[in-house]
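Each chain, written out:
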Amino acid sequence: MPLALLALAVGAFGLGTTEFVMMGLLPDVADDLHISIPTAGHLVSAYALGVVIGAPLLAALTARLPRRTVLISLMGLFVAGNALSALAPGYDSLLAARFLSGLPHGAFFGVGAVVATGLVAPERKARSVSLMFMGLTVANIAGVPVATLMGQHLGWRATFLGVSLIGVAAMAAVYFLIHPTHTPAPASGLRGELTALRSLPVWLALATTVVGFGALFSAYSYITPMLTHSAGYAEASVTLLLALFGVGATIGNLVGGRLADHAMRGTLFGGLASMVAVLLLFPVLMRAEWSAALAVVLLGIAAFITGSPLQLMVMERAAAGPSLASSANQAAFNLANAGGAWIGGAALAAGFGATSPALAGAALAILGLGVAAVAFAVDRRQSAPPATRERVIASHVPEAVETAHSS
C-alpha cells in the first residue's frame, strides 16, 4: 500500500478526534461557559449538521479542482474551525465554530476515498479505503481518550488547539506524500457529479448506509447506561470500555476492507447479519462485566466490517462522478447517527429497559439487510445485457398469448 494513504489516515484521525471528543468534554465546557449540559449537547449536533451540509456542498463547489488541492483546503478549513473553537469567547461563537469544523468532514472522507482508490490496483480498492478509515477508528482508541484527558487537566480550549495541530500535520502530509500527478482535477466536473446522483442504485446504497449505521448508533448512543445500569460498571470505567469499541472498530474496518476486495456484496450482507446477531445478544451479554466488554468489542467489529463495502458501493454506482456521491455517503453516516440515536432514545423512553436501544438497532439492521437486498436486485437487473433482458421478455410473450387465446 502506498505511503500516501498515511496522509489520508492522519486527516481522518484528526476529524475523528474532534468529532467525538466533545462528548467527553461536555461537563467542562458547560461549567466554563455557565450553560447546562443539555445546552452544551447542541455543540455535538452543530458539528453533525456541519457534516451533513458541508459534505455535498463542498464536494460540489470543488468538483473541478485538483484533488490534492481540495484535500489541503479542507484541512485548512478544519484547522480554522478548531482554532476558532479554542478561542471562542462564548457559547454562540463556539456553536458557530463547531458548525464550521464539521463542514469539511464529509467532503474530506468522500474525496479522500476517491483518491485512495486511485492510488492502488483495482483489487485493492476496499483495503485502501479501510486504511484511510483506520485513522477514524484509531481516533476512538487513542485520540479521543488523550484529548479528553488533556481537556480535563489543561482546559477544553487546549484540546481544540491540539486538534488544530493535528490538522496542520495532515496538511503537510498530504502536500509531501501525495503527488499532484495522482490527483488531477476530475474530467466530469460538477455536471458529471450531479448526473451520477440521479442513479437509483446510488440512492439505494446511501439508504443502506443510513439504515445500517443507524443500527449501530441506536445502541452505541446509549452504551453508557447499558454498561452502568445493566452490567454494573462504574462510570469511571466507561472511557476504557469505549476504547475497546475503537479496538473492535479497527479490527472490523481492516477485516472488512480485505474481505470486500474479494466479495463486496457478501461482506456487506455478512456485516449487517453479524450486527443483527450481536445486537440481539446484547440483553444477555450485558448481564455480566466480562460479557459486556466482549459485546462492546463485537459491536465495533460487526459495524465497521460494513464501512468500506458501503463506501466503495456508493463510489462504484456513481463511477462517472464519484466525489459528490462519496461525500454524500458521509452525510448519510451522520444522518444515521442522528436517526439511530433518536430511535434508541424512543425505545428507552418507552420504558422497554436499558438494553432496548440495542434491540431497536437489531430491527434497523434487519431493515438494512432488506434495503441491501433490494439494491442488489436492482443492480443485477440493470447490469444484465440488453439481449438477455429481451430474451427474458420474449420467453414470456408466448405464455401471455397462449393465456389470452385460452381465455
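Structure report, in brief. Values in this document were obtained by computation on a predicted structure and should not be read as measured data.

Observations concerning the overall build of the protein
Working step 1: Check the secondary structure of the protein and you find 17 helices and 0 strands.
Working step 2: Here the protein has a C-alpha radius of gyration of 22 Å; the compact-globule value for 407 residues is 22 Å, and the two agree.
Working step 3: Classification of the 407 residues of the protein by burial places 53% in the buried group.
Working step 4: Restricting to contacts in the protein with at least 6 residues of sequence separation, those with at least 24 account for 84%.
Working step 5: With an accessible surface of roughly 16,900 Å², the protein has 71% of that area assigned to carbon and sulfur atoms.
Working step 6: Computing the positive centroid from 18 side-chain charges and the negative centroid from 15, the protein places the two 11 Å apart.

Section: the packing of helix α6 (residues 125-154) against helix α7 (residues 156-177)
Working step 1: Put simply, α6 and α7 touch, their axes get as near as 6 Å, and they point 140 degrees apart. With respect to α7, the element α6 is oriented oblique. Along its contact with α6, which presents Ala-147, Met-150, Gly-151 and Leu-154, the element α7 presents Trp-156, Ala-158 and Thr-159.
Working step 2: A per-class count over the contact of α6 with α7 returns 5 nonpolar, 2 polar and no charged.

Side note on the packing of aromatic side chains
Working step 1: According to the stated counting rule, one finds 9 aromatic pairs in the structure shown.
Working step 2: Taken together, a centroid distance of 5.4 Å and an interplanar angle of 80 degrees make the contact between Phe-217 and Phe-333 edge-to-face. Here Phe-333 lies in helix α15 (residues 322-349) and Phe-217 lies in helix α9 (residues 200-220), a separation of 116 residues in the sequence. We note that Phe-217, like Phe-333, is buried.
Working step 3: An aromatic cluster is defined as three or more aromatic residues linked by ring pairs; in this entry it consists of Phe-213, Phe-217, Tyr-220, Phe-245, Phe-304 and Phe-333.

What to know about the pattern of salt bridges
Working step 1: Using the criterion set out here, one finds 3 salt bridges in the structure.
Working step 2: One salt bridge in this structure joins Asp-261 and Arg-127, with 2.9 Å as the shortest N-O distance. Highlighted residues: Asp-261 in the loop between α11 (238-260) and α12 (264-285) and Arg-127 in helix α6, separated in sequence by 134 residues. No difference in accessibility class separates Asp-261 from Arg-127, as the two residues are buried.
Working step 3: Notably, a salt bridge pairs Glu-316 with Arg-317, separated by 3.6 Å at the nearest N-O pair.

Some points on the side chain of Ser-218
Working step 1: Along the chain, the position of Ser-218 falls in helix α9.
Working step 2: Take Ser-218: its relative accessible area is 0%, and that puts it in the buried class.
Working step 3: At 3.5 Å, the side chain of Ser-218 and the backbone nitrogen of Gly-361 are in polar contact.
Working step 4: Those residues within four positions of Ser-218 in sequence are excluded, and the remaining contacts are Gly-340, Ala-341, Ile-343, Gly-344, Pro-357, Ala-360, Gly-361 and Leu-364.

Describing the side chain of Ser-164
Working step 1: Considering the arrangement of structural elements, one finds Ser-164 in helix α7.
Working step 2: A polar side-chain atom of Ser-164 sits 3.1 Å from the main-chain amide nitrogen of Ala-83.
Working step 3: Among all residues touching Ser-164, those that are not within four sequence positions of it are Val-79, Asn-82 and Ala-83.

A word on a nonpolar patch on the surface
Working step 1: On the surface, a cluster of nonpolar side chains totalling about 550 Å² of accessible area is made up of Leu-3, Leu-6, Tyr-175, Phe-176 and Leu-177.
Working step 2: By residue number, the principal contributor to the nonpolar patch is α7, which donates 3 residues.
Working step 3: In this structure, Tyr-175 sits in helix α7.
Working step 4: Overall, Tyr-175 belongs to the partly exposed group, its relative accessible area being 46%.

Topic: unusual backbone geometry
Peptide bonds are trans in most cases, and residues, glycine excluded, mostly fall at negative phi.
Working step 1: With a phi close to 60 degrees, His-34 is a non-glycine residue in the positive phi region.
Working step 2: Within the secondary structure, His-34 is located in the loop between α1 (4-33) and α2 (37-40).
Working step 3: The exposure class assigned to His-34 is exposed, which follows from its relative accessible area of 72%.

Rules behind the numbers
- Residues numbered from 1 in each chain as written.
- Predicted model: local features only at pLDDT ≥ 70, side-chain atom pairs only at ≥ 80, totals over all residues.
- Heavy atoms only, no water.
- Helix = DSSP H or I, 4+ residues; strand = E, 2+ residues; numbered from the N terminus.
- Rg over C-alpha atoms; globule rule 2.2 N^0.38 Å.
- Buried < 20%, exposed > 50% of the residue type's maximum accessible area, 1.4 Å probe, protein only.
- Contact = heavy atoms within 4.5 Å.
- Areas by Shrake-Rupley, 256 points an atom, 1.4 Å probe, with all protein chains shown as cover.
- Lys, Arg positive; Asp, Glu negative; His and termini not counted.
- Charge placed at Lys NZ, Arg CZ, Asp CG, Glu CD.
- Axes fitted to C-alpha atoms, helices over the stretch in contact; angles between N-to-C directions.
- Parallel < 35°, antiparallel > 145°, perpendicular 65-115°, else oblique.
- Nonpolar A, V, L, I, M, F, W, Y, C, P; charged D, E, K, R; others polar.
- Phe/Tyr/Trp six-rings, centres within 6.5 Å; stacked < 30°, edge-to-face > 60°.
- Salt bridge = Lys/Arg side-chain N within 4 Å of Asp/Glu carboxyl O.
- Polar contact = N/O pair within 3.5 Å; in protein donor to acceptor, adjacent residues only side chain to side chain.
- Patch = residues over 30% accessible without salt bridge, like charges linked within 9 Å, V, L, I, M, F, W, Y side chains within 5 Å.

These results come straight from atomic positions and should not be treated as a statement about function.
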